[in-house]
Amino acid sequence: MVQNVAPMMVDLEQEDFNLLSGVEQGMRFSEWVQRGKLPDFSGLTAENVDYRLDRCLDRDLIQRKTIQYEGYKLTPEGYDALALHTFAERETVQGFGSSLGVGKESDVYEVQSYKPMALKYHREGYTNFREVMKERDYTSDRDHVSWLYTARKAAEREYERLETLYPDVSVPRPVDHNRHAIVMEKMEGVELARTRVEPEQVVGVLDLVLREMATAYDAGFVHADMSEYNVFLAESGVTVFDWPQAVPSSHENAREFLARDVDNIVGYFQRKYPSDVPDLDREGVVDALAASEFESVREHAA
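Only a predicted model underlies this, so the values are computations on that prediction, with no experimental measurement involved. Throughout this document, residue positions are counted from 1 along each chain, in the order its sequence is written. Note on the predicted model: pLDDT of at least 70 is required for a residue's local features to be given, and 80 or more for side-chain atom pairs to be given and counted; whole-chain, interface and lining totals, by contrast, use all residues. Computation of side-chain values covers all heavy atoms of the structure but excludes hydrogens and water.

S.K.: Can you walk me through the side chain of Glu124 in this structure?
M.R.: In this text, helices come from DSSP runs of H or I with a minimum length of four residues, and strands from runs of E with a minimum of two, each type numbered from the N-terminal end. Along the chain, Glu124 turns up in the loop between strand E6 (116-122) and helix H6 (129-135). A polar contact is formed between the side chain of Glu124 and the side chain of His122, at a distance of 2.9 Å. In protein, a polar contact means a hydrogen-donor-capable atom and an acceptor-capable atom, both N or O and within 3.5 Å, with residues adjacent in sequence counting only if both atoms are side-chain atoms; elsewhere, any N or O pair within 3.5 Å suffices.

S.K.: So what exactly am I meant to see when it comes to the pattern of salt bridges here?
M.R.: Any two side chains of opposite charge can pair if their charged atoms end up close together. We define a salt bridge as a contact between a side-chain nitrogen of Lys or Arg and a carboxyl oxygen of Asp or Glu at a distance within 4 Å. Evaluated as defined, the whole model comprises 22 salt bridges. Between Arg35 and Asp50 there is a salt bridge; the shortest N-O distance is 2.4 Å. Separated by 15 residues along the polypeptide, Arg35 in the loop between strand E1 (33-34) and helix H3 (38-42) and Asp50 in helix H4 (residues 46-58) bring together distant segments of the chain. Residue Asp80 is joined to Arg123 by a salt bridge in which the shortest nitrogen-to-oxygen separation is 2.8 Å. Here the residue Asp80 occupies a position in helix H5 (residues 76-89), and Arg123 occupies one in the loop between E6 and H6, the gap between them amounting to 43 residues.

S.K.: Hey, could you run me through the packing of aromatic side chains in this one?
M.R.: The description of an aromatic ring pair rests on the distance of the ring centres and on the angle between the ring planes. To pair, rings of Phe, Tyr and Trp, with the six-membered ring standing in for Trp, must have centres within 6.5 Å; the planes then decide the type, stacked if under 30 degrees apart, edge-to-face if over 60, and tilted in the middle. Considering all chains together, one arrives at 6 aromatic pairs under this definition. Aromatic pair Phe96 and Tyr109: ring centres 5.4 Å apart, planes at 40°, arrangement tilted. Pair noted here: Phe96 is in strand E4 (residues 95-102) and Tyr109 is in strand E5 (residues 106-112), with a separation of 13 residues, a long-range link. Through a chain of ring-to-ring contacts, three or more aromatic side chains come together here, namely Tyr268, Phe269 and Tyr273. The ring of Tyr69 carries the charged tip of Lys65 above its face, separated from the ring centre by 4.4 Å. To sit over a ring, a charge needs its Lys NZ or Arg CZ within 6 Å of the ring centre and within 35 degrees of the ring normal.

S.K.: Help me understand the nonpolar core, please; the structure alone is not making it clear to me.
M.R.: Nonpolar side chains in soluble globular proteins tend to end up buried together. Residue types Ala, Val, Leu, Ile, Met, Phe, Trp, Tyr and Cys, when buried and joined through side-chain atoms within 4.5 Å, form a set referred to as a nonpolar core. Exposure is judged per residue with a 1.4 Å probe applied to protein chains only, and the accessible area is read against the type maximum: over 50% gives exposed, under 20% gives buried, and values in between give partly exposed. In this structure, Leu210, Met213, Ile265, Phe269 and Leu289 are the most contacted members of the largest nonpolar core, which totals 50 residues. Listed by contribution, the elements that provide at least two residues to this core are helix H7 (147-165), strand E8 (181-185), helix H8 (202-219), strand E10 (221-222), strand E11 (231-234), strand E12 (237-240), helix H9 (254-272) and helix H10 (282-290). Per-element accounting of this core gives the leading share, 10 residues, to H8. Pairs of residues are marked as contacts when any of their non-hydrogen atoms sit within 4.5 Å. Residue contacts for Leu210: discarding those within four places in its chain leaves Ile265, Val266, Val285, Leu289, Phe294 and Val297. Ranked by size, the runner-up nonpolar core spans 38 residues in total, among them Leu44, Leu61, Ala81 and Tyr109.

S.K.: What am I meant to see in unusual backbone geometry here?
M.R.: Here the bond from Tyr166 into Pro167 is cis, since omega is 5°, no more than 30 degrees from zero. Along the chain, Pro167 turns up in the loop between H7 and strand E7 (174-178). In the Ramachandran plot, Asp60 falls in the positive-phi region, its phi being about 60° despite a non-glycine side chain. Within the secondary structure layout, Asp60 lies in the loop between H4 and strand E2 (62-65).

Here it is as structure tokens:
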């Protein structure tokens with residue numbers, strides 16, 4: 001876990017990061033990097049490689065295998081260390097804080113910069129590699145695909161989408177990106193799934209979420225994974241997060257994804273607040289969102 005990585009950063013030396021970067025480079029071509037190739041990949045002498053391997057193994061930043069040949073690969077902690085080192089060099093991150101959330105495809109932590117920020121590590125492909133291979137189109141054009149690659153591509157995609165959507169859409173402000181990690185503005189409020197909205201505010205909150213979806217569509221993207229777990233609710237409004245799987249509005253299946261997002265978020269509100277949310281013409285809601293003509297769910301009561 002990255003909580004174990006942060007304290008050891010002060011003890012790691014530049015040559016340790018050179019070794020980790022060398023393993024990372026080798027993993028572009030194979031899951032396990034042969035020991036004999038590490039001097040070329042890392043720019044270190046063979047003797048220094050031996051020393052750095054022991055240091056990184058002791059800290060669980062790499063793994064070793066000896067079947068067929070002696071090979072090494074990064075652990076998630078090793079990849080985390082490389083990204084965190086880069087953020088520290090850029091002075092994007094100056095301190096590491098507590099966990100803000102751990103999920104199947106990402107871990108999020110509070111970090112210190114000029115103000116508290118959120119550091120998100122993407123984990124796509126590490127625990128659910130086969131599933132990611134099926135669902136993510138950015139893995140289809142490579143002979144060898146590692147979890148490092150899928151996690152990095154997910155982070156790249158999300159960062160690009162946040163840059164496009166912010167500030168017109170209420171998303172976390174993107175600050176910096178490296179490898180599989182993103183630094184972004186820390187969100188205010190509480191996850192929608194973990195709060196209870198007052199009856200007289202239910203329709204208003206649902207309207208806010210749907211309007212953000214409409215603005216995002218107009219800006220060029222469908223979230224494609226909308227749920228009560230991807231919305232933060234605060235006094236100032238709502239924030240929609242987790243955008244790596246978002247598809248362009250021009251995608252041939254964009255309307256299908258938009259309809260699914262509407263079903264997910266409207267269905268959640270109707271299940272949790274059955275007496276406060278009217279039955280809706282969901283197709284009419286989707287049409288209004290896609291045409292940037294959505295005003296309120298009350299217009300679409302069935």
